[in-house]
Each structure stands twice: as structure tokens, then as C-alpha cells.
Amino acid sequence: MNYQQYRTARRLVHSCCNYDCGNCLLLDNGEECVCPQSITYSLICKWFRAAVLPLDAGLCAALLYRDRMKPCAICGGYFLPNSNRAKYCPECAEQERRRKTRDRVRRHRADM
């Protein structure tokens, strides 16, 4: 995990329902326990990995699915493809679909 990903994960920690003023309610067994996700660079907490990390799709894909990531042909950013034919990230895929439709309709109207 690089520093930017760490900072994003730290922001997400505050979205966890078990986070209370720097302490983890799941690990609390009578005495306060510091949330492990807020002090480490690794993904230790299973609850964080299962429930909170999917709130940020980019960070989730970058940390959990590193081996399946592909670079986008337009923007160069990495994304998790839904099939082996995917070339574009979801944002660029919509733009590319619109561009191809625009070009196809333009050619069709020129032939009339």
C-alpha cells in the first residue's frame, strides 16, 4: 500500500460502523482497543475488508485484485475488468461508446 492509498484507507476507517474515537468496538472486551486499521499500512481487519473497503471501488481493486488489474487504453488508469475483452475503465467506456455511436451515425447520415 503506498502513501496515497494509506491516506484513502484512513479516511474510510471513519466510515466503519465499529470505529469510535480511534477505538474498535469489535475488539473491545472491557477495555478500549485501538482500531488496527487506523495505525497500519496493511489490511488486517476482516470487517474493514468486507464492509468498508468496497465503498471505494478504485482502492478496493488496487489492494485486493492487483493481479487481475488492466490498464485503460484511454486514460491509463487501472481497473478491474468484467471480461477478458475489456479495454476501458467504466468512465472511459461510456465516453468511447458515445464517440463510436456518434461516428457511426455520422457515416450513416453521410451515405443518405
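Scroll up to find the structure this text is about.
Analysis parameters
- Residues numbered from 1 in each chain as written.
- Predicted model: local features only at pLDDT ≥ 70, side-chain atom pairs only at ≥ 80, totals over all residues.
- Heavy atoms only, no water.
- Salt bridge = Lys/Arg side-chain N within 4 Å of Asp/Glu carboxyl O.
- Helix = DSSP H or I, 4+ residues; strand = E, 2+ residues; numbered from the N terminus.
- Buried < 20%, exposed > 50% of the residue type's maximum accessible area, 1.4 Å probe, protein only.
- Contact = heavy atoms within 4.5 Å.
- Patch = residues over 30% accessible without salt bridge, like charges linked within 9 Å, V, L, I, M, F, W, Y side chains within 5 Å.
- Areas by Shrake-Rupley, 256 points an atom, 1.4 Å probe, with all protein chains shown as cover.
- Lys, Arg positive; Asp, Glu negative; His and termini not counted.
- Charge placed at Lys NZ, Arg CZ, Asp CG, Glu CD.
- 1 Å grid on protein atoms, 1.4 Å probe; cavity = no way out; pocket = protein on both sides within 12 Å on 5 of 7 lines; lining within 4 Å.
- Points joined across faces, edges and corners; volume = space filled by probe spheres on them.
- Nonpolar A, V, L, I, M, F, W, Y, C, P; charged D, E, K, R; others polar.

Novice: Help me understand the pattern of salt bridges in this model?
Specialist: Any two side chains of opposite charge can pair, given that their charged atoms come close. By the definition in use, this model includes 5 salt bridges. Across the pair Glu96 and Arg99 runs a salt bridge, and its minimum N-O distance is 2.5 Å. Taken as a pair, Glu96 and Arg99 lie in helix H4 (residues 90-111) at a separation of 3 residues, close to a single helical turn. Arg99 sits in the partly exposed class, given a relative accessible area of 33%. Asp103 is the partner of Arg106 in a salt bridge, and the nearest nitrogen-oxygen pair spans 4.0 Å. Here Arg106 and its partner Asp103 are both found in helix H4, 3 residues apart, which amounts to about one turn of the helix. Given a relative accessible area of 51%, Arg106 falls into the exposed group. Given a relative accessible area of 23%, Asp103 falls into the partly exposed group.

Novice: Would you explain the environment of Cys35 in this entry?
Specialist: Its location among the elements puts Cys35 in the loop between strand S2 (23-24) and helix H2 (46-52). A relative accessible area of 7% places Cys35 in the buried class. Excluding anything up to four places from it in sequence, Cys35 contacts Val13, Tyr19, Gly22, Asn23 and Cys24.

Novice: I keep staring at a negative patch on the surface and nothing clicks. Help me out?
Specialist: Negative charge collects at one region of the surface, where Asp20, Asp28, Glu31 and Glu32 lie side by side. One can find Glu32 in the loop between S2 and H2. With relative accessibility at 64%, the residue Glu32 sits in the exposed group.

Novice: Hey, could you run me through empty space enclosed by the protein in this one?
Specialist: Any empty space left between atoms is shown by rolling a water-sized probe over those atoms. Summed over the entire model, instances satisfying the criterion amount to 1 cavity of 30 Å³ or more. The volume enclosed by the largest cavity comes to roughly 60 Å³. If you trace the largest cavity, you find it lined by Val13, Cys16, Asn18, Tyr19, Cys24, Leu26, Cys35, Gln37, Cys45, Trp47 and Phe48. Of the residues that constitute the lining of the largest cavity, the class distribution is 9 nonpolar, 2 polar and no charged.

Interpretation note: all reported values are geometric properties and have no functional meaning in isolation.
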